[in-house]
Structures are given as C-alpha cells and as structure tokens.
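# A look at the structure
This is what each chain is made of:
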Amino acid sequence: MTTEMQEIAITEEKPLLTGQTDGAKDAELAARILLDQGQEHSVETPHGVLHVTLHGTRTTRRPAILTFHDVGLDGKSCFSPLFKFDEMQEIVKNFTLIHIDAPGQEEGAAAYPTGFQYPSMDTVAEMIPSVLQFFNFRTVIGVGVGAGAYVLSKFTLANPDSVEGLVLINIDTNARGWMDWAAQKLTSVTSSLSEQILSHLFSQEELSANTELVQAHRDRISKASNLINVELLWKTYNSRRDLNIDRSSCTFKCPVMLVVGDQAPYEDAAVECNSKMDPTTTSFLKMADAGGLPQLTQPAKLTEAFKYFIQGMGYMASSCMTRLSRSRTTSLSSSYSMDGSRSRSRTLSQGSQGGQMPPSPSQTMEVSC
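Predicted model only: the values in this text are computed from it and were never measured. (Residues numbered from 1 in each chain as written. Predicted model: local features only at pLDDT ≥ 70, side-chain atom pairs only at ≥ 80, totals over all residues. Heavy atoms only, no water.)

## A few points about the packing of helix α8 (residues 193–201) against helix α10 (residues 212–222)
As a reminder, the rule being used: Note on method: axes are straight lines fitted to C-alpha atoms, helices fitted across the in-contact stretch only, with angles between N-to-C directions ranging 0 to 180 degrees. For helices the rule is a DSSP run of H or I covering at least 4 residues; for strands it is a run of E covering at least 2, with both sets numbered from the N terminus onward. Roughly parallel here means an angle under 35 degrees, roughly antiparallel means over 145, roughly perpendicular means 65 to 115, and every remaining angle is called oblique. By convention, the crossing between two helices is left-handed when the near helix turns anticlockwise from the far helix through less than a right angle, and right-handed when the turn is clockwise. Note on contacts: a residue pair qualifies if any of its non-hydrogen atoms lie within 4.5 Å across the two residues. Gly is put with the polar residues, along with every residue not named as nonpolar or charged; the nonpolar set is Ala, Val, Leu, Ile, Met, Phe, Trp, Tyr, Cys and Pro, and the charged set is Asp, Glu, Lys and Arg.
With their axes 10 Å apart at the nearest point, α8 and α10 run at an angle of 140 degrees to one another. Taken as axis vectors, α8 and α10 run oblique relative to one another. The hand of the α8/α10 crossing is right-handed. When α8 is examined against α10, the residues Ser194, Glu195, Ile197, Leu198 and Leu201 are found in contact with a partner set consisting of Val214, His217, Arg218, Ile221 and Ser222. Here the contact of α8 with α10 is built from residues that sort into 5 nonpolar, 3 polar and 2 charged.

## Topic: helix α14 (residues 299–312)
Helical geometry: 3.6 residues make up each α-helical turn, so side chains three or four residues apart lie on a common side. Our working rule: Here the expected span of a helix is defined as 1.5 Å times the quantity of residues minus one. Here the term buried applies to any residue with accessible area under 20% of the maximum for its type, exposed to any over 50%, and partly exposed to those in between, with areas from a 1.4 Å probe on protein chains only.
Between its terminal C-alpha atoms α14 stretches 20 Å, which fits the 20 Å expected from 14 residues at 1.5 Å a residue. The element α14 is largely enclosed, with a buried count of 12 among its 14 residues. Considered for burial, the residues of α14 that qualify are Pro299, Lys301, Leu302, Thr303, Glu304, Ala305, Phe306, Lys307, Tyr308, Phe309, Ile310 and Gln311. Taken from the residues just after α14, Gly314 is the one with a positive phi, measuring 100 degrees.

## What to know about the pattern of salt bridges
Definition in use: For this analysis, a salt bridge means a side-chain nitrogen from Lys or Arg found within 4 Å of a carboxyl oxygen belonging to Asp or Glu.
Following the criterion strictly, the structure yields 9 salt bridges and no others. With its nearest N and O atoms 3.4 Å apart, the salt bridge here joins Lys154 to Asp122. Linking Lys154 in helix α6 (residues 147–158) with Asp122 in helix α5 (residues 121–135), this pair joins segments that are 32 residues apart in sequence. Lys154 sits in the buried class, given a relative accessible area of 18%.

## So, the environment of Leu73
Note that Leu73 resides in the loop between β3 (64–68) and α3 (75–83). Measuring from C-alpha to C-alpha, the distance between Leu73 and Ile197 comes to 9.8 Å, with 124 residues separating the pair along the chain. Once you skip the residues sitting within four places of it in the chain, Leu73 turns out to touch Cys78, Gln105, Leu201, His217, Arg220 and Leu293.

## So, the nonpolar core
Definition in use: Definition used in this section: a nonpolar core is a set of buried Ala, Val, Leu, Ile, Met, Phe, Trp, Tyr and Cys residues joined via side-chain atoms within 4.5 Å.
Counting residues in hydrophobic clusters, the biggest one holds 90 residues, and the most contacted among them are Ile98, Ile100, Ile128 and Phe306. Setting aside residues no more than four positions away along its own chain, Phe306 makes contact with Ile65, Met88, Ile91, Ile141, Val143, Val167 and Met257.

Read these as layout, nothing more, since geometry by itself doesn't imply function.
Laid out in structure tokens, this is it:
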C-alpha cells in the first residue's frame, strides 16, 4: 500500500510528457492562457495604490512567487521572458505568480504632478504586506532585480516570517557615497535620463554593442508617457540607505540566492553582498554571457538555478531535470562537497550520471555557468 501511494504522488508531480491525455493538454493550455493574460488589480495600501498582476490559480497551499522589478522596467518587461520560458512552465503551473509594479511604473500609468513626493524605498517595502493580505497569501518566495531586489530585501528584513526564500538579482545593499553622488550629479548633466538608466541596467559591453535588447529598452524608456514617474523612482533608488547586512547576525532567516552577470554593472556589489551573507543559507550564481539582465538574456540558466533553489526548499522534489541539465554542457562549481565538507575545487556536472542533486540552500554554492 505504501509503495502504491508513493507511485501516485510521483506521477502527479511529473511534468506533462508527450502523449498526455486531452484533459491534461487542456489544463496546460488553460494555465498558459492565465500566465499570458494575468489578472490586474489595484491594491490599496497605507501609502498609496499598487498595480499588481496575478498569474495562476491563486491557490494558497504553497507560497506565491512575488516579483519586484528594477528601475526603468515594470513587472511585464522585467519578468515575462523568464516566466514564459518553456522550461519555467513546470514551476509556473505549481505556483501563483504575483508581479508588483512600483508606484506609477506600470505601463500606461498617469504621470505624477510636479512636486509629487515619491515614497522612499523603505515606504515602498512597507506597501508589500497589503498585497499579501489582499490575495490571502501567508508566505512568498521573492524574486527581485536591482531596485526590486533592494525593496524585497527591506520587506524580508521587516517581515521574516512572510518570506520562505529570496532570489536577488543585481543587488546593491549599500547607500551611495559622496563620490557616487558627485558622479551621479555629473552624469545627470551630461546624459539623458534614459541613458543613465540604461547604464544601470546593462553592461558596458552591451551598451557598446548596442544590442537589440538595449535598443528596445532605450526606445521604450525614452518614449514612456510616465517618464517623470521613472525619474522619481530613479532618484529615490539613488537615495537609498544601507541595508546593514551582517554575516555574524544571520540577517536573513530564509534561503537566499544571489544572481549577477559576470559583466553586469553591479557585479562587485553582488560579490560584496555575498561576503556579508550567512554562508549556510546563501547561494551565489555568477552567470557568464548574461550581461546586466540575466533573466532576459539567460532564462534557461536562471530557470535551472531557480528550480534547484525551490527544490532545496522542499518544493517540487521529484521534478525532472530540464534540457539544460541533461545537455551536460554546464557545470556547477560548489564551495561545498556533496557531503558538506569544504571543497573549493569541487565541480558538479548538472547532468551527472549519478543523478545527484546539487547542494541545497543550506550550503553556499558559488557557480559560474
């Protein structure tokens, strides 16, 4: 009886395969439609209204995946390529997605009037609990990029019981120093707002090459009807305070995965953040050829890492390996061996024949893929 029950559980967890029933195909199609369209909501908070888009079934049996975008982006432009990626669908159909747009940053938002006092990063973070309450979610897995990573970090520090895991892309935990402030003042005189933001989002190599992605974002930002709102968020982010993360005090109480491209503008900041984190609960992913926005340029690699991350948290434990891992073209260089002992030279192939799982979030994993 026990064996039969286990087999049933495993079958339910497996992804849909070729030859699936018509009913399963219909369910997958319905889930895809929900992902593409989403349900838009205006959520009242003590500090104003937030535009939020929900994708999925709204089940509260598992934590929601809560995202927060970077400056110059919104939930759609920042995360759609990642969560619409084919290999991500196995995750998407098991979790509810909640994309939060920072105040006034959603597509088509009305421009704020002259003199409008934009909320601080701390205040924006204080608006998030109202979103969880609105959708009746007790806990979330946070995914933030740049300014969004900072906001979700602030939220997690203030509400540790509400966050089960945290993925921080291009995180910079430090406030701007006097030299940074002076450089920003000079840049604001010599460069347009859109160029300042592009330098924040993309690597110098991407900007010099003027890639199609850079061109698309330059065009979108410069022509945005709410450009004044984008500028307000940009100034607010540049006025942020230190997060005061300290390894000795185990600041974050949940597993954390830090992600940065190897040529990203905030590579050094992410490395510094990793040095301040608790090594027993932190994974550090430095992605080669990822540029400044790895969720847009390397969705396959980030999907694979995200799957391992949530598996380490106890979700989707029987999930199949993705095509990326089966290809055996990418290796993980772990700072711990599989038995937990210290081993800087240890290399794990994502397609190892033993079928072993990579280190869980309880072990620090520095990788370059």
